[in-house]
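Residue strings, one per chain:
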Amino acid sequence: MRKQLPPEMLARDSRFVRTSIMDQILDPRNRKISERTIGPAKLAPGRPASADRARNLMHGIFTGEIQALEGAGRTAFDFDETEAPFALKLDMARQCWDEARHVEISIKLGEWMGTEIGEFTEATFLYEAACAPDPVLRLCGVNRALEGLAIDVFNTMKEFGDVSGDPVLEFCEDWMLADEVTHVKMGSDWLRRLTADDPERRERALDFQRTVDKLFSLGGFRGETEENPIHLARKMREMAGFSTTEIDEIAELSELARAEGQAAVEAAGSA
Amino acid sequence: MTVVSIVPELFTLIEFDAERIKEIASEVAKSLAFPSDVDVHIEVDEVLPAPLNSSQADYLGGRAELWFTGGAFEDTHKGRHIDEVLARCGLGEALLRVKDRISGGFEDAPNDSEISERQRALWDAYADGRLTRLEGFVVREPRRRYVYRLECGFNDVADAAYDQLWASDATTWADLLEIEARLMEADPTERDAKPSARRISLRQTQ
């Protein structure tokens, strides 16, 4: 079986349609939307089109879970035991089990919210972060950055379920959230162990994590104000082992990504 | 034959064809037996993409005034392009509600900019239920049920009211207000009385 599988070779049936993040960035409507006052972007009942926005986000979580499963599976397979110790592979296998369960939960939640598999497009940039050639980079990019983002997303959806009185959404998100906390801790633990004698490698991995954190905060997607659809879940992140300094850094990266996204929209509009 | 007009006549940000939307609207009006002496004016706000989906349907000055976000008709697989099945359904819901306003028991209903999200969810369930019983409309019932539950509550009373509306061919605005009162009793959670995703709020510029 091939090692280092590129995103375009991921197996999907005809229901799935791929999209490119560039199509979204270069959409000529972006600049016009930013001129509108359409209210806070935070997901809440009574906010503009909250049902369809929640359905769209839930489908994004579903495809993200598939890619997280594929990423952890690849990390268990792509490296020999000198690069990735057997105990790390066991942890990745255990994570695959969690992600497979999350995929099933997400499908059921999608049905509950009136969404069909493949109703929305799939972007593969989550899996792309799991294609790094060094397992430590994958642990930072996927387990610490993306599973950290999953904490923020699940916490936001759990709160949405709570305030909208949807017991199914709140319950399911809470269970998945608990798993994500363990995935982040797993990533932090293996980062320390694999780089104990190699500070340069650790710094490279943390740099990669910063890049991924910033990418996934693009255009203000994640942050700490009412303008951000996804809120930084400080308390849950602390439980996952992030320090206050690390969380502050993610908040700063998110703000920077928001400003850069805005600049990119304006540049695209004036081009 | 129903006279249909549209704004804009030329879309510049998205790949919608105004003439094609007018054709679909005419076909839909015919299949709903929409009064042929009532003109239909459609406005599509091309700035607002999916999933910012919203619409309004009013009967003003003897004319049907329909407003949609571009997202309401947008293909979820191919951004900026129209999904004609979705457009047909959206136009069907809107024209059915205008027909209700003209002579279907909703003559005294306030304009869409003044009704609450909950009232709108109830009315939409009633409209979609009727559309499913007509030929040529693909209504995504599970989506409608979720939007409804979000506004009307996740409880048995709300579900029973939904089934009642879905199966009905003769509900009035007064019936709708009676159902709303029943829902309030079952789930007294305070909700915004004002609509959130309507024409005025979404078209404001900074």
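Within any chain, residue numbers begin from 1 and follow the written order of that chain's sequence. As a convention, the first chain written is A and the first ligand written is 1, with the rest following in written order. Per-residue local features of the predicted model are confined to residues with pLDDT of at least 70, and side-chain atom pairs are confined, for both listing and counting, to 80 or more; whole-chain, interface and lining totals are unaffected and use all residues. Calculated side-chain values reflect all of the structure's heavy atoms, with hydrogen atoms and water omitted.

For chain B, the helix and strand inventory stands at seven helices and four strands. The numbering of helices and of strands both runs from the N terminus, where a helix is a DSSP run of H or I of at least 4 residues and a strand a run of E of at least 2. Seen in sequence order, chain B has helices and strands lined up from the N terminus as β-α-β-β-β-α-α-α-α-α-α. The size measure is the radius of gyration over C-alpha atoms, and the globule rule it meets is 2.2 Å times the number of residues to the 0.38 power. Relative to the globule expectation of 17 Å for 206 residues, the C-alpha radius of gyration of chain B, 16 Å, shows essentially globular dimensions. Projected onto its principal axes, the C-alpha coordinates of chain B cover approximately 50 × 40 × 30 Å. Among the 206 residues that make up chain B, the fraction classed as buried is 56%. Whether two residues are in contact is decided by their heavy atoms: any pair within 4.5 Å suffices. The contacts of chain B with a sequence gap of at least 6 include a subset with a gap of at least 24, amounting to 70%. If you sum the accessible surface of chain B, you get close to 8900 Å²; carbon and sulfur atoms cover 50% of it. Burial classes follow relative accessibility: with a 1.4 Å probe on protein chains only, a residue under 20% of its type's maximum area counts as buried, one over 50% as exposed, and anything between as partly exposed. Accessible surface area values rest on a Shrake-Rupley calculation with a 1.4 Å probe, where residue burial reflects the displayed protein chains alone.

Summarising the element assignment, D124 of chain B is placed in helix α3 (residues 117-132). The residues touching D124 of chain B, leaving out its near neighbours within four places in the chain, are R97 and R144 of chain B.

Moving on: the sheet that holds strand β1 (residues 4-7) of chain B. Residues and elements named next belong to chain B. Taken together, the four strands give an open sheet; going across it, the order is β1-β2-β4-β3, and neighbouring strands pair in mixed fashion. A strand with exactly one partner marks an edge of an open sheet, and here the two such strands are β1 and β3 (55-60). When the angles between neighbouring strand axes are averaged without regard to direction, this sheet yields 15°. The axes used here are C-alpha line fits, helices contributing only the stretch in contact, and every angle between their N-to-C directions lies in the interval 0 to 180 degrees. On the sheet, helix α1 (residues 18-31) packs against β1 and β2 (40-45) and is oriented at approximately 140° with respect to β1. Pairing between strands requires that DSSP locate at least two bridges from one strand to the other.

Before going further, it helps to examine helix α6 (residues 135-163) of chain A. Residue and element names in this part refer to chain A. Expected span, for any helix, means 1.5 Å times one less than how many residues it has. Its 29 residues give α6 an end-to-end C-alpha distance of 40 Å, which sits within 8% of 42 Å, the value for a rise of 1.5 Å per residue. Counting buried positions along α6 gives 25 out of 29 residues, so the element sits mostly inside the fold. In protein, a polar contact means a hydrogen-donor-capable atom and an acceptor-capable atom, both N or O and within 3.5 Å, with residues adjacent in sequence counting only if both atoms are side-chain atoms; elsewhere, any N or O pair within 3.5 Å suffices. N-cap assignment for α6: the residue whose side-chain oxygen lies 2.9 Å from the backbone N of V136 is D134. Positive backbone phi, at 75°, marks G165, one or two positions downstream of α6.

The two faces of a sheet get side chains in turn, since along a regular strand they alternate between them. Residue and element names in this part refer to chain B. With respect to burial, β2 is a largely interior element, six of its six residues being buried. Alternating positions in β2 separate into two faces, V40, I42 and V44 on one and H41, E43 and D45 on the other, with burial throughout. In this structure, β1 lies alongside β2, joined through four bridges in parallel fashion. Paired with I6 across the bridge in β2 is I42. Here the term right-handed applies to a crossover when the path leading from its first strand over the helix to its second strand runs clockwise, the strands being oriented away from the viewer. Since β1 and β2 lie parallel, the crossover through α1 that links them has a hand, and here it is left-handed.

Our next topic: the packing of aromatic side chains. For any pair of aromatic rings, geometry is given as the distance between the ring centres together with the angle between the planes. Aromatic contacts are taken between Phe, Tyr and Trp rings whose centres are within 6.5 Å, Trp giving its six-membered ring; a plane angle under 30 degrees counts as stacked, one over 60 as edge-to-face, and the others as tilted. A full pass over the atoms with the stated rule returns 13 aromatic pairs over all chains. Ring centres of Y162 of chain B and W166 of chain B lie 5.5 Å apart, and the angle between their planes is 25°; this geometry places the pair in the stacked category. One end of the pair is Y162 of chain B and the other is W166 of chain B, both in helix α5 (residues 156-167) and four residues apart, which spans about a single turn. According to the relative accessible area criterion, W166 of chain B is buried, its value standing at 16%. Within the aromatic cluster, the residues linked to one another by ring pairs are F106, W123, Y126 and W173 of chain B. The criterion is that NZ of a Lys, or CZ of an Arg, lies within 6 Å of the ring centre and within 35 degrees of the ring normal, and then a charge sits over that ring. Over the ring of F77 of chain A we find K3 of chain A; its NZ or CZ atom is 5.2 Å from the centre of that ring.

Residue and element names in this part refer to chain B. With respect to the helices and strands, T2 occurs in the segment before β1. Residue classification places T2 among the buried positions, given a relative accessible area of 10%. The sequence separation of T2 and E27 amounts to 25 residues, and the corresponding C-alpha distance is 9.5 Å. Filtering out sequence-adjacent residues up to four positions away, T2 remains in contact with S26, A29, F34, P35, S36, V38 and V40.

Moving on, we get to the interface of chain B and chain A. At the interface, 31 residues of chain B touch 35 residues of chain A. By buried area we mean the combined loss of accessible area, with a 1.4 Å probe, across both parts when two parts are placed together. Surface buried jointly by chain B and chain A totals about 3100 Å² across both partners, of which 59% is contributed by carbon and sulfur atoms. Here, a salt bridge means any Lys or Arg side-chain nitrogen found within 4 Å of an Asp or Glu carboxyl oxygen. Of the charged contacts, one joins E119 of chain A and R140 of chain B as a salt bridge, the two residues approaching to 2.8 Å between their closest N and O atoms. At the junction of chain B with chain A, the criterion picks out seven residue pairs in polar contact (both at pLDDT 80 or more).

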